[in-house]
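Notes for the structure review
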Amino acid sequence: MNIKVGKLIYSGKAKDVYETDQSDKVVVKFRDDITAGDGEKKDCLDLKGYYNSIISSKLFEVLEEEGIKTQYIELLASGEMLSHKLEMIPLEVITRNIAAGSLLKKFPFEDKQVFETPIIQMDYKNDEFHDPMLNDDISIALNLATKEELDEIREITLKINSTLKKFLESKGITLVDFKIEFGYDKDKNIVLGDEISPDTCRYWDIETCDTLDKDLFRQGECGVMDAYKKVSSMILDPEDMERFGFKEM
Ligand code: TMP
Ligand code: ASP
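Just so we're clear, the structure is a prediction, and the values are computed from it rather than from any experiment.

Quick look at the overall build of the protein now. The secondary structure content of the protein amounts to seven helices and 13 strands. By principal-axis analysis of the C-alpha atoms, the protein measures approximately 50 × 45 × 35 Å. Here the analysis covers contacts within the protein between residues at least 6 apart in sequence; of these, 56% occur between residues at least 24 apart. Accessible area for the protein stands at about 12400 Å²; split by element, carbon and sulfur atoms hold 49% of it. Charged side chains in the protein number 34 positive and 52 negative. The centres of these two groups are separated by 2 Å.

Summarising burial for strand β11 (residues 173-184): twelve of the twelve residues are buried, a large majority. Summarising the sheet, strand β8 (residues 87-88) and β11 pair through two bridges and their orientation is antiparallel. Within β11, the residue paired with Met88 across the bridge is Gly183. Relative to β11, strand β9 (residues 91-98) runs antiparallel, the two sharing four bridges. Across the sheet, residue Thr95 finds its bridge partner in β11, namely Phe178. Relative to strand β12 (residues 190-193), β11 is paired through four bridges, and the arrangement is antiparallel. Residue pairing across strands places Glu181 opposite Gly193, the latter belonging to β12. Counted between consecutive antiparallel strands, the loop separating β11 from β12 contains five residues, among which Lys188 sits at a positive phi close to 70°.

Per the counting criterion, the structure on display carries five aromatic pairs. An angle of 55° between the planes, with centres 6.2 Å apart, marks the rings of Tyr51 and Phe246 as tilted. With a gap of 195 residues between them, Tyr51 in helix α1 (residues 48-65) and Phe246 in the segment after α7 (238-243) connect regions that are remote in the sequence. Looking at Tyr51, the relative accessible area reads 0%, which means it is buried. Residue Phe246 is classed as buried on the basis of its relative accessible area of 18%.

Looking at ligand 1, there are 14 residues lining it, with Arg96, Ser102, Asp177, Lys179 and Arg202 nearest. The side chain of Arg96 places a nitrogen or oxygen atom 2.9 Å from an oxygen atom of ligand 1. Contacts to ligand 1 include Ser102, whose side-chain N or O atom sits 2.6 Å from an oxygen atom. Relative to its free-state accessible area of 450 Å², ligand 1 is covered by the protein chains to the extent of 79%. Here ligand 1 is seated within the largest pocket. The set of elements that each furnish at least two residues to the shell around ligand 1 consists of β9, β11 and β13 (201-205). In terms of residue class, the shell around ligand 1 is built from four nonpolar, three polar and seven charged.

Attention now moves to the site of ligand 2. Near ligand 2 the following residues occur: Lys13, Thr35, Ala36, Gly37, Asp38, Gly39, Lys214 and Arg218. Contacts to ligand 2 include Gly39, whose backbone N or O atom sits 2.6 Å from an oxygen atom. Lys214 is positioned such that a nitrogen or oxygen atom in its side chain is 3.0 Å from an oxygen atom of ligand 2. Across the complex, the protein chains shield 72% of the 260 Å² of accessible surface that ligand 2 would expose by itself.

Quick notes on the rules
Residues numbered from 1 in each chain as written. Chains lettered and ligands numbered in written order. Predicted model: local features only at pLDDT ≥ 70, side-chain atom pairs only at ≥ 80, totals over all residues. Heavy atoms only, no water. Helix = DSSP H or I, 4+ residues; strand = E, 2+ residues; numbered from the N terminus. Contact = heavy atoms within 4.5 Å. Areas by Shrake-Rupley, 256 points an atom, 1.4 Å probe, with all protein chains shown as cover. Lys, Arg positive; Asp, Glu negative; His and termini not counted. Charge placed at Lys NZ, Arg CZ, Asp CG, Glu CD. Buried < 20%, exposed > 50% of the residue type's maximum accessible area, 1.4 Å probe, protein only. Pairing = 2+ DSSP bridges. Phe/Tyr/Trp six-rings, centres within 6.5 Å; stacked < 30°, edge-to-face > 60°. Near = heavy atom within 4 Å. Polar contact = N/O pair within 3.5 Å; in protein donor to acceptor, adjacent residues only side chain to side chain. 1 Å grid on protein atoms, 1.4 Å probe; cavity = no way out; pocket = protein on both sides within 12 Å on 5 of 7 lines; lining within 4 Å. Sits in = over half its atoms within 2 Å of the grid points. Nonpolar A, V, L, I, M, F, W, Y, C, P; charged D, E, K, R; others polar.

Interpretation in functional terms is not warranted from these geometric data alone.
Below is the structure:
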C-alpha cells in the first residue's frame, strides 16, 4: 500500500504510533527498547522490534481468520505495522490459563496451577497509579467503559484466548497468560489493538517447559532474543517467513 508516514502521535515504552496521509490509518513502529518493573529496568535488544512485529502480525492474522476484528492491516517494512486508527481504552485485559507472575504474589494459587475456566483480569493502564487492578464498578465510575462494553470485551477476549491457545498449541507453545488492549474504530466498534508478542504474553515450550518470553528479561536471564526468534520460527510457516522477510540474528 502506498502510504505516507506523518508525525509522531504517541510514544509508549516499546512502540511509537505515527499518523499517515489517510486519517483513519496509523503506522505502529515496534522499537528495540525493552522494559520491566514499571520501566525501572531498561535495555535495547537488537531486532526485538522486528520479531515482535512479525509475531503480532501473524497472531492478528490468525484472529482475523476467526472473525475477530483487529487493528492490523499489513506489515509495511521491518517493525512497521500499518493499522486502523483506534481510540484506545486504558484497560490492560489480562487472561490467565495457568497461574504465574504477579497472580502468585497477590493470591494463594499454586505455581503453574491450571485453570479450568480462564481468569480475566482488568488493570487500569495508568503509569502514575502503577496499573492497579480494577473491578467493573471502578471501571464504570472512572468512565473507562460501560457495563455492556466490559461484557463485550470479556466475550471477545475469551474467543481470542481459545483461538490463540489452540493455534499456539499446534505450534508447540503453551499460552500461559497474555495482556491485550482494545480501542474504538471510527464506527465505534470495539477492536483489538496494540500487540500480541513475547513482551505481552507468557509462552512456554510444550516439550521442555522453557520460558520463551519477556520473563527471561524480567528475571535477568540471557537468551532473550533467542527465545523471541524461536517463537517466530515456531509460529511462522515458510510462506510467512518469505512475506515478512524473516531475519536471522
Ligand atoms: P503479570 O503476571 O506480571 O501480571 O502479567 C500478566 C501478563 O500480562 C503477562 O503475560 C505479561 C503481561 N503484561 C504486560 O503485557 N504488560 C505489563 O505491564 C504487565 C505487568 C504484564
Ligand atoms: N510493561 C511493564 C514495563 O515495561 C512491566 C512488565 O512487562 O513487566 O515496565
